[in-house]
Amino acid sequence: MDFEGILLGMGNPLLDISAVIDQDFLNKYDIKPNNAILAEEKHLSMYDEMTSKFNVEYIAGGATQNSIRVAQWMLQIPGATSYMGSIGKDKYGEEMKKNAKDAGINVHYYEDESPTGTCAVCVLDGERSLVANLSAANCYKVDHLKKPENWALVEKAKYYYIAGFFLTVSPESIQLVAEHAAAKNKVFSMNLSAPFICEFFKDQQEKVLPYMDFVFGNETEARTFSRVHGWETDNVEEIALKISQWPKASGTHKRITVITQGADPVVVAEDGKVKLFPVIPLPKEKLVDTNGAGDAFVGGFLAQLVQGKPIADCVKAGCYASNVIIQRSGCTYPEKPDFE
């Protein structure tokens, strides 16, 4: 089987600025634990404050890019994955390019005049809260996607993954890829990504939902989705089922909804049924941080999916990948996976 370029991701490439911070810092900037938001005016000074006050690590991030990197690592086939997004023409951007290339991903970045986007990863008791300053990542345009050398990546791929975060940047690009996937019977997947996406980008999300063959998310996002749609249920299994039964643009693939719940079982809804898959338990003292855990789950899952493996194997691989990532800082991994 030819795996070259089989999986394509599009999203916001961000440099994670990660540090273990304190409760005062969270309070000062009005940051809730285990959340993900876009930076507002009041947050802009936090990046410098983090760097001066705490011990900071710089790690290549961005939700979709994390998932693609993990899928690439799990597959161990150079060039099996590709990725598009927008970076700045600066040292962070250069670093990002080198990082992706070393990882074996075929990246086609759009390079913008604004600085490469950053994401503050505030870690407290192992839980992460994200504040993203998109900057250059926010400048991705559909024109870049339409260039023959970039559209070629879309043509070549058979599976697509885009985090919900990209809905705030280029819904037109998402729509083009989604329509291509439906027309060519390929597999299109997205992530709910964050409560604010489900709430404030509801229309954009709903427009592309019929094209989603796989919907990923965590329990908080699922509950927000339910509330925003007036479903009046907090039961994650019920919500997963309802999302899977949302109308589809193409009947080729039935929609499968996959919701992670931290240490609780993964919920998979397909064909009107729900299955629960336990995750690998991890003693608290081994948890470094949850940054990238959900992204890693998707990466592990997709690495099996593109090989035509059954859903149970995909979930198992997702659990393996997230278990590895939460024992390390950010979305980083050892040289080779140890997954059977």
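- You'll find the protein entered in an unreviewed UniProt entry as Adenosine kinase, with Nicotiana sylvestris given as the organism.
- Recorded in UniProt under Catalytic activity (unreviewed entry), the annotation for the protein is "adenosine + ATP = AMP + ADP + H(+)".
- Regarding the protein, the relevant UniProt record gives this comment under Pathway (unreviewed entry): "Purine metabolism; AMP biosynthesis via salvage pathway; AMP from adenosine: step 1/1."

1. So, the overall build of the protein
Move 1: For the protein, the helix and strand inventory stands at 13 helices and 14 strands.
Move 2: Computed over the C-alpha atoms, the radius of gyration of the protein is 18 Å, within 12% of the 20 Å expected from 2.2 N^0.38 for a compact globule of 340 residues.
Move 3: Expressed along its principal axes, the backbone C-alpha trace of the protein runs to roughly 55 × 45 × 40 Å.
Move 4: A burial count over the protein gives 59% of its 340 residues as buried.
Move 5: In the protein, once contacts between residues fewer than 6 apart in sequence are set aside, the share between residues at least 24 apart is 73%.
Move 6: As displayed, the protein offers around 14300 Å² of accessible surface, 50% of which is attributable to carbon and sulfur atoms.

2. Remarks on the UniProt feature "domain: Carbohydrate kinase PfkB" (unreviewed entry) in the protein
Move 1: Following the UniProt record, the feature "domain: Carbohydrate kinase PfkB" (unreviewed entry) maps to residues 27-334 here.
Move 2: Taken end to end, residues 27-334 is 40% helix and 23% strand, and its first and last C-alpha atoms sit 34 Å apart.

3. Observations regarding the packing of helix α12 (residues 293-305) against helix α13 (residues 311-325)
Move 1: Where α12 meets α13, the closest approach of the two axes is 7 Å, and the angle between their N-to-C directions is 145 degrees. Crossing angle aside, the handedness with which α12 passes α13 is right-handed. From α12, Ala-293, Ala-296, Phe-297, Gly-300, Phe-301, Gln-304 and Leu-305 reach across to α13, where they touch Ile-311, Asp-313, Cys-314, Val-315, Ala-317, Gly-318, Cys-319, Ala-321, Ser-322 and Ile-325.
Move 2: In the contact of α12 with α13, the residues fall into twelve nonpolar, four polar and one charged.

4. A few points about the side chain of Ser-67
Move 1: Structurally, the position occupied by Ser-67 is in helix α3 (residues 63-75).
Move 2: Residue class for Ser-67 comes out buried when judged on its relative accessible area of 1%.
Move 3: Only 2.9 Å separates the side chain of Ser-67 from the backbone oxygen of Asp-295, close enough to count as a polar contact.
Move 4: Residues within four places of Ser-67 in sequence aside, it is in contact with Tyr-161, Asp-295, Val-298 and Gly-299.

Rules of the game
- Residues numbered from 1 in each chain as written.
- Predicted model: local features only at pLDDT ≥ 70, side-chain atom pairs only at ≥ 80, totals over all residues.
- Heavy atoms only, no water.
- UniProt positions renumbered as here; feature names shortened; annotations may be inferred.
- Helix = DSSP H or I, 4+ residues; strand = E, 2+ residues; numbered from the N terminus.
- Rg over C-alpha atoms; globule rule 2.2 N^0.38 Å.
- Buried < 20%, exposed > 50% of the residue type's maximum accessible area, 1.4 Å probe, protein only.
- Contact = heavy atoms within 4.5 Å.
- Areas by Shrake-Rupley, 256 points an atom, 1.4 Å probe, with all protein chains shown as cover.
- Axes fitted to C-alpha atoms, helices over the stretch in contact; angles between N-to-C directions.
- Left-handed = near helix turned anticlockwise from the far one by under 90°.
- Nonpolar A, V, L, I, M, F, W, Y, C, P; charged D, E, K, R; others polar.
- Polar contact = N/O pair within 3.5 Å; in protein donor to acceptor, adjacent residues only side chain to side chain.

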